[in-house]
Every structure is written in structure tokens, then in C-alpha cells.
Amino acid sequence: MAVKVEQIEKNKVTLEIAVEAEQFTLAINRAAKKVAKEINIPGFRKGKAPRHIIERYVGKEYLANEALEPLLGPAYAQAVEETGIWPVARPEVEIIQAEEGKDVIFKAIVEVKPEVELGQYKGLGVPKKTVEITDEQVEEELKRRQERHAKLVPVEEGQVQDQDIVNIDFEGFIDGKAFEGGKGENHDLTIGSNTFIPGFEEQLKGAQKGQEVEVNVRFPDEYYSKELAGKEAQFKVKINSIKRKELAPLDDEFAKDISEFDTLAELRDDIKKKMLAAAEARANNEHRDEIIKKVVDNASVDIPEGMINSRIDSMIANLSANLSYQGVTMEQYYSYINSSEEQLRQNYRPQAIEDIKTELVLEAIAKKEGITISDEELEKEIEKQAQLYGRKVEELKAALEARGELEWFKVGIINDRTVDMLVENNTLEKKDSEQPAENMIENNE
Amino acid sequence: MRDARDVLIRPVISEKSVGMVDENKYTFWVDTAANKIEIKNAVEKMFKVKVAEVRTIKVKGKEKRVGRYVGKTPDRKKAIVTLKPGDKIEGYAGL
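The present account deals with the structure reproduced in this document.

Rules and cut-offs
Residues numbered from 1 in each chain as written. Chains lettered and ligands numbered in written order. Predicted model: local features only at pLDDT ≥ 70, side-chain atom pairs only at ≥ 80, totals over all residues. Heavy atoms only, no water. Helix = DSSP H or I, 4+ residues; strand = E, 2+ residues; numbered from the N terminus. Buried < 20%, exposed > 50% of the residue type's maximum accessible area, 1.4 Å probe, protein only. Contact = heavy atoms within 4.5 Å. Axes fitted to C-alpha atoms, helices over the stretch in contact; angles between N-to-C directions. Parallel < 35°, antiparallel > 145°, perpendicular 65-115°, else oblique. Salt bridge = Lys/Arg side-chain N within 4 Å of Asp/Glu carboxyl O. Pairing = 2+ DSSP bridges. Expected span 1.5 Å × (residues − 1).

**Some words on the overall build of chain B**
So, point 1. Within chain B, the secondary structure is distributed over three helices and six strands.
So, point 2. Counting helices and strands in the order they occur from the N terminus, chain B gives α-β-α-β-α-β-β-β-β.
So, point 3. In chain B, buried positions account for 34% of the 95 residues.
So, point 4. In chain B, once contacts between residues fewer than 6 apart in sequence are set aside, the share between residues at least 24 apart is 60%.

Structural data, given as C-alpha cells:
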């Protein structure tokens, strides 16, 4: 087999591949056998007709085409391997010569992985945000917890106040007539939640348990029901019960109730620690993303169209799979979001380009920096993963291998390492002189 | 005398007949009235070969019914022609 490579465009390559004549003859013979099994020729049992009979029966071209199919695939794969190109899409194949007794010559035009021109990717000096958790933030969190653990206490004597939950029966009238949907019984309503029409909840304030109140409201002009919009209505409301949220006092008792800590101070410390950790993680992520984005922006890549399309394909396939879990078909989804596949593809495009570019850039950097992973290290990583998901190491490994995902797994780790390296090399180190300066300002305040 | 083409109608193409080519035997559908001598001469003239032996088989037509009418497909005659060693017929059954 002989291969000629020719670069026709940036990221586009033509492979001219010649397969030896003998191979073609063999392929035709194989094809003839296959065809013989499938067709009935009078005078012959299935699969028993010799090649020349079949050839006369189905035609030479048909047989040649049948023979080409299984011939081109492996030849193309071999050519790709020999030339070391990296195709990213299916090739367009053009057959130049396919005659028995002569070499088969065909052209495969294929888009290849683009070269990445890396820009600056070290010493970008991206500052990391300092995270601080103020005592007020801790207090707020405490209040939220207080709120969440508040008890609802029935109010027997007393008036309806803001934030109370009242249980009411109500019936609404317009011009003295009851209207549809204007009636309800045993309805829990939180005063101030604005779930009812404006004014309704306000007018219940001050009422007492068991009392009947008349509420006069006007339906808003933009009310969803056309018949009611803008109408004046009277509601007869009976207050069945009043419940009030009672907040537990913030003390050690409270801390004991809602957490494993014995004192409020400990709980405060823990909240602060956890909030700090979360904020730290968030800041780290942001910092990392910013560095990656900068590095990617600095590099330039011409991403072939085929690569973008296949990425969008897989994004849509993902979406479709997710939707089908919810029992939604793509068609339903399109009509629901009032869109089309065309539109969706267009929407996904920028994301697809960004993703591909990021991948390519990380890969290029890893290559340039010689970031790899040895087999032993890979082994260790798999062990880690296995522990993480509580699976047996061999099991996970077999699963990864079976699905051909070992390579992806490897790439993932290399990417992680590359990113670590980038973060290391692009973080703006805080100079010691800055710290006291900030402190001074704070002191001045 | 009848022309060679009137005697030999066409080759028999079947698994068996194609297989017999290896034994230097070629099978033809021939005129039902043709005798072995005529067949021998026809084959020698048409393919420029020497014939060693001719064997013939009469194939009776089959009875076919269409409703209550009884019909019959025509009788045919097959001839298996053995050539003298070294001779062969090019292009028999697409060879």
C-alpha cells in the first residue's frame, strides 16, 4: 500500500492511497462469495455459483463496488496510521481507479486536528481574590437557620400580624354575586407573602381568631383572568386560626438543638469555617477558569468545521438522552422552547467552539511541557476513582477498557495536571508589602 | 445439412454442468431432432475443437395444468460433449 499526503487547506489533507491489485482481486472474490450467498441464480444452489457466473449475473461494477467497501475502510485506517495525521471527521472518499488487475487508487479528503499556536501561557499573573467571611455574614447564616427551625405557634388571643400564617375560609363577590374561583376553605395564607391579590393580605391584619372580616379589593388590570381583571370585589373572610412563627433564641440551647455542637460559639466558628471553605473553593474555581480562559484566548486555533459539527452533534445527543429520561422527545422539546434543531445548533455553536479550543490548547500545552502520565500513576488514579465510587479496582478498570474510555480517563488526568501547572505558573503572588497596606486602611476606618 | 447454430441452442448453465467443465465435458441444450453425429460436427465447427464423445439425454416436458386444461412444456434434449484432451471451449458460460 502506498500513500501520498497532500495538504490542500489549513487543517485539510488529501490522502492518495493505492491498494495493490492482488488485494483487490482477493476482495472481489470475497465479495462474489458473499453475493452468491444472497442471490438466487437458476441452476445453482445458494452460495454455490462460481464467481464468473455471478459476475455475469450482477455485473462487474456491482461486484467491484461490493469489493471496495470492505477494502477502503482498513486501507484508510492504515494510511492514517502510517502518515500520522489526526483526522477529526469522516473522510470524503473519491475513487480514482478501481479495475481488476490494477491497483485501486482512491483519494480521501479529511479534516485533521488543527495546529495550535500557543500564546503566552505562563506568568500571566492572574490575581486570586482573597476571600473573607465577615461576622455579619455568619450572623445572617445563623438567622437563616433560626428561621428554618422556627416553630409555628398557634395564636389564640391576639391580632393578625405580618408574617403570620392564617387559615381562612373565603368567598368573593362581584356586584353582590359570587364568582367562580372566588371561594376557598381551610386555606393557609402567609401574610406578606403576596400570594393573593394586592391589598387582600393587608386588610386581614388586626383581625382576631374566629372573626369574620370583609375585604374590599380591586383585581389588578393585568390579572390573568380577563373577566375579573380590573373589577371591584368583596370577600367575606373567616379567620379559622392564626399561627405565628416563633424563633428560638440564639443561645447554646439552640446550637445543641440544630447541630452537633454544644455552644453557640462553636456553631459560629463552624459556620464561619464552612463558609470560608466554600468561598475559597468558589474563588479557586473562578481563578482557575480565568487562567484557562486567558491562556485559551492567547492561543489561536483554526477549528475545522467538521470538528465543530460533530461536537454539536454530541451535545444534542446528550440533551436528547437527558430529555428522554424525562419522557420528552426532541420534537416536543423544540415545540416547547419554540425553536428548531437549526436554531439549537446555532445556539450551541459558540460553546462548542470554546470547548474544542480549550481542549486543543490544553493538549498542546501538555505536549509542549511534556506532561504525561505513567502506567503506574494511571493505576493509582484508577484506584482512587474506584475508592471514590466504592467499586473494585479490577472492575472499574475492566469497565473503562471495555468501553474504550481508558484513553479518555488518561486525557482527563493529563488535562487536570496541565491545569494545575497553569494555575501554578499564572497566579499573581501577593507581595508581603500589600498585606499590611490593606490592614492599615482597615485600621483607619 | 442444418447449420451448427440450429443444432446447438445454448449451453446448459447449472452447478452440475459448470462442474463438469473440469472433466472436459461441455453440456448444451440441443435440437430435439439432432443426433450425436450432428452434434459432434456442430461443436467441432463452431468452437474449432475435436470431440471425443457425445452423450445425449432427452428431457421430457412437464405436464402443466391451467384449470381443467392440461398443457405440456416442450420436450428438450441435452448433449454432454466430451472433448479430446487438450481442447477446450473458451467463453463457455462466461468462462
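**Concerning the packing of helix α1 (residues 21-38) of chain A against helix α2 (residues 51-58) of chain A**
All names here are of chain A.
So, point 1. It is the contact of α1 with α2, at a shortest axis distance of 10 Å, that shows an interaxial angle of 75°. Viewed along their axes, α1 and α2 adopt a mutual orientation that is roughly perpendicular. Of α2, the residues touching α1 (which contributes T25, I28, N29, A32, V35 and A36) are R51, I54 and V58.

**Some words on unusual backbone geometry**
Trans peptide bonds make up the majority, and among non-glycine residues the majority have a negative phi.
So, point 1. Its identity as a non-glycine residue notwithstanding, N186 of chain A has a phi of 50°, on the positive side.
So, point 2. Its location among the elements puts N186 of chain A in strand β8 (residues 177-190).
So, point 3. Overall, N186 of chain A belongs to the exposed group, its relative accessible area being 55%.
So, point 4. Phi at N24 of chain B takes a positive value of approximately 65°, unusual for a residue other than glycine.

**Some points on the pattern of salt bridges**
So, point 1. Scanning the model with the defined rule gives 24 salt bridges over all chains in all.
So, point 2. R45 of chain A is the salt-bridge partner of E15 of chain B, the closest N and O atoms lying 2.7 Å from each other. Taken together, the positions of E15 of chain B in helix α2 (residues 15-20) and R45 of chain A in the loop between α1 and α2 put the pair across two chains.
So, point 3. By relative accessible area, R45 of chain A is classed as exposed at 54%.
So, point 4. Each of R51, E55 and K60 of chain A takes part in salt bridges that share partners, so that together they form one network.

**Looking at the environment of V361 of chain A**
All names here are of chain A.
So, point 1. Following the sequence through the fold, V361 ends up in helix α10 (residues 341-369).
So, point 2. Here V361 falls in the buried class, since its relative accessible area comes to 0%.
So, point 3. V361 sits 246 residues away from E115 along the chain, and the two C-alpha atoms are 9.4 Å apart.
So, point 4. With residues near it in sequence (within four places) discarded, V361 still touches V116, L118, V295, V296, A299 and V301.

**Some words on the sheet that holds strand β6 (residues 76-83) of chain B**
All names here are of chain B.
So, point 1. In space, the four strands of this open sheet follow the order β1-β2-β6-β3, with antiparallel pairing throughout. Only two strands of the sheet have a single neighbouring strand rather than two, namely β1 (8-11) and β3 (51-59). Direction aside, neighbouring strands of the sheet carry axes that sit 30° apart on average.
So, point 2. Taken together, the three bridges between β1 and strand β2 (residues 25-30) define a ladder with antiparallel strand orientation.

**Observations regarding helix α11 (residues 375-388) of chain A**
Structural remark: α-helix, 3.6 residues per turn; residues separated by three or four positions point the same way.
Residues and elements named next belong to chain A.
So, point 1. Taking 1.5 Å as the rise per residue, α11 with 14 residues should run 20 Å; its terminal C-alpha atoms sit 20 Å apart, in good agreement.
So, point 2. Buried-residue contacts for α11 involve α12 (393-402) and α13 (406-426).
So, point 3. Phi turns positive, to about 65°, at G390, one or two residues after α11.

**Observations regarding the environment of Q346 of chain A**
So, point 1. The topology assignment puts Q346 of chain A in helix α10.
So, point 2. For the pair Q346 of chain A and I312 of chain A, spaced 34 residues apart in sequence, the C-alpha separation works out to 9.1 Å.

**A word on the environment of M330 of chain A**
So, point 1. You can see M330 of chain A is positioned in helix α9 (residues 330-336).
So, point 2. Linking M330 of chain A and A317 of chain A, residues 13 residues apart in sequence, is a C-alpha distance of 9.8 Å.

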